[in-house]
Amino acid sequence: MAADHAPPPSSPPAHEAPLRVLLPLVLPALVVGVGAGLLFLGISALSEEFQDVLWHDLPDALGIGGYSSLWIITMLTATGIAVGLVIWKVPGHAGPDPASEGLGGPPLAPMVVPGLLLASALGLAGGVSLGPENPIIACNIALAYWLGRKAAPAVPGAVWVALASAATIGALFGTPVAAALVISEALTGQPGPGSLWDRLFAPLVAAGAGAMTTQLLAEPSFDLGLPPLTDPGWGDLLAAVVIASAAAVFGLASCYLFPYVHAAFRRLRHPMVMLPLGGLALGLLGALGGQLTLFKGLEEVKELTSSVGAWSSGELAKFAVIKLLALLVAASCGFRGGRIFPAVFIGAAFGLLAQALVPEVHPAVAVSSAVLGVLLATTRQGWISLFTGAVLASSPAMLALLCLASLPAWLIVTGRPQLELDKRGNALR
């Protein structure tokens, strides 16, 4: 999920007045932003309704505990079978192998979109440890590119890709700031004419429209309710540096294991073998880790951090390790989904483990720093890692600590294997 996978927006030609180039993009950006937000909210609502049926209504009707070990194993295996059928039989096969796909990328064919959305929704509802970000971004890019080229063929294709990417990221995080950071990071390797804000203008409009759509209809919140850090000191800085670096090392373990686990599943060749076995493995991990280690992890993070001090260090270590293994299996066997939200859960569990071992560490420092470290290791997107760590703490004083803590953590992860493979199955660096 390297930053350079997100295509940069096209800048206005040097010989044209930026105003004459940028203003006509406002309406398309607004349309793409609202459309991207609605698609994200629609898939999220559909998967949540289906999740309630699978994990509450159905086991209640059968008189079975919804989160009993037997039901967890059964549901994850059944989810693997269902997603395997989609990838096998639905036109487009739900897109390419997600192990080699990052955020964004070239547009998929429109025929791929229904299968990819269905596979993603089934995985989200069934308890797979992946988030919605990669499939939703890919589908919005495909639709915006296809419809945009038909409606306004004079607009370069790269513009539609950039608008859809930014709009979806804005919708996912409920703010255009996240999209601006991701696109700015992508632009560092894509020099071109025009100022940075000229090149960010239309994507930011799309991101703002996507974010406002989400805010108006769903009111998302990433605030974990941690006690705010009001007066940071040298001890807090030392804790942030140590925890972020240790979490980065922990996150790197999945990156080193990824090619081997992926290769093992690829040897099975057929999706109706890979996905059911992957689902069974996830079910066994879920039965061992319990309800909190299932699903994409955002709501589970809030439950985890709502009881700071109530979890033992052994329980927190178990949560972190099992969720890391679940992310590794889910990303390797062919389930469609993203890694950001599960990585946040892994980081939160790791941070609370550090705080349980050293109670003097402030909970906000522990959780935010650990999330930063794990995200740096698994995504290699510095700005989005900083942003996520900061919004989870909901404390302005944390930002300076996280900026400084990111430096040694980045030295640990840069040049190391990523949680993404090339087309031949080798780890990207």
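Residues numbered from 1 in each chain as written. Predicted model: local features only at pLDDT ≥ 70, side-chain atom pairs only at ≥ 80, totals over all residues. Heavy atoms only, no water.

Caption draft 1: Just the overall build of the chain, in detail. Secondary structure summary: the chain contains 16 helices and zero strands in total. By the compact-globule yardstick of 22 Å for 429 residues, the chain fits well, its C-alpha radius of gyration being 21 Å. Along the first, second and third principal axes, the C-alpha set of the chain runs to 65 × 55 × 40 Å. Taken over 429 residues, the chain has a buried fraction of 56%. Considering only residue pairs separated by 6 or more positions, the chain has 79% of its internal contacts joining residues 24 or more positions apart. In the form shown here, the chain has an accessible surface area of approximately 16,800 Å², with 68% of it arising from carbon and sulfur atoms. (Helix = DSSP H or I, 4+ residues; strand = E, 2+ residues; numbered from the N terminus. Rg over C-alpha atoms; globule rule 2.2 N^0.38 Å. Buried < 20%, exposed > 50% of the residue type's maximum accessible area, 1.4 Å probe, protein only. Contact = heavy atoms within 4.5 Å. Areas by Shrake-Rupley, 256 points an atom, 1.4 Å probe, with all protein chains shown as cover.)

Caption draft 2: Summary view of helix α14 (residues 363-379). Look at α14: 24 Å from first C-alpha to last across 17 residues, which is about the 24 Å you get at 1.5 Å a residue. In terms of burial, α14 is largely enclosed, as 17 of its 17 residues are buried. Residue R380 follows α14 closely and has a positive phi angle near 60 degrees. (Expected span 1.5 Å × (residues − 1).)

Caption draft 3: Highlighting the pattern of salt bridges. The final tally for this structure, using the stated rule, is two salt bridges. With a closest N to O distance of 3.9 Å, R266 and D97 form a salt bridge. Of this pair, R266 sits in helix α9 (residues 234-266) while D97 is found in the loop between α3 (69-89) and α4 (113-126), placing the two residues 169 residues apart along the sequence. You can call R266 partly exposed: its relative accessible area is 31%. Exposure remark for D97: the relative accessible area of 22% places this residue in the partly exposed category. (Salt bridge = Lys/Arg side-chain N within 4 Å of Asp/Glu carboxyl O.)

Caption draft 4: Seen up close, the environment of T79. Following the sequence through the fold, T79 ends up in helix α3. Look at T79 and you get buried, because its relative accessible area is 5%. The spacing of T79 and G123 is 44 residues in sequence and 6.6 Å in space, taken between C-alpha atoms. Contacts of T79, omitting those with residues within four sequence positions, involve L122, G123, G126, V128 and F335. There is a polar contact of 2.8 Å between the side chain of T79 and the backbone oxygen of M75. (Polar contact = N/O pair within 3.5 Å; in protein donor to acceptor, adjacent residues only side chain to side chain.)

Caption draft 5: Molecular detail of the environment of L252. Take L252: it is sitting in helix α9. On the basis of relative accessible area, L252 is assigned to the buried category, the value being 6%. Along the chain, L252 and I412 lie 160 residues apart, while their C-alpha atoms are 9.0 Å from each other. Not counting the four nearest positions on each side in its chain, L252 is found in contact with A377, R380, I412, V413, R416 and P417.

Caption draft 6: Region of interest: a negative patch on the surface. Taken together, the side chains of E48, E49, D52, D57 and D60 present a region of like negative charge at the surface. Along the polypeptide, D60 turns up in helix α2 (residues 26-62). (Patch = residues over 30% accessible without salt bridge, like charges linked within 9 Å, V, L, I, M, F, W, Y side chains within 5 Å. Lys, Arg positive; Asp, Glu negative; His and termini not counted. Charge placed at Lys NZ, Arg CZ, Asp CG, Glu CD.)

Caption draft 7: Molecular detail of the environment of S368. Within the fold, S368 resides in helix α14. What makes S368 buried here is its relative accessible area of 0%. Sequence separation between S368 and G347 is 21 residues, and the spatial gap between their C-alpha atoms is 7.9 Å. Setting aside its immediate chain neighbours within four residues, S368 contacts G389, A393, M398 and L402.

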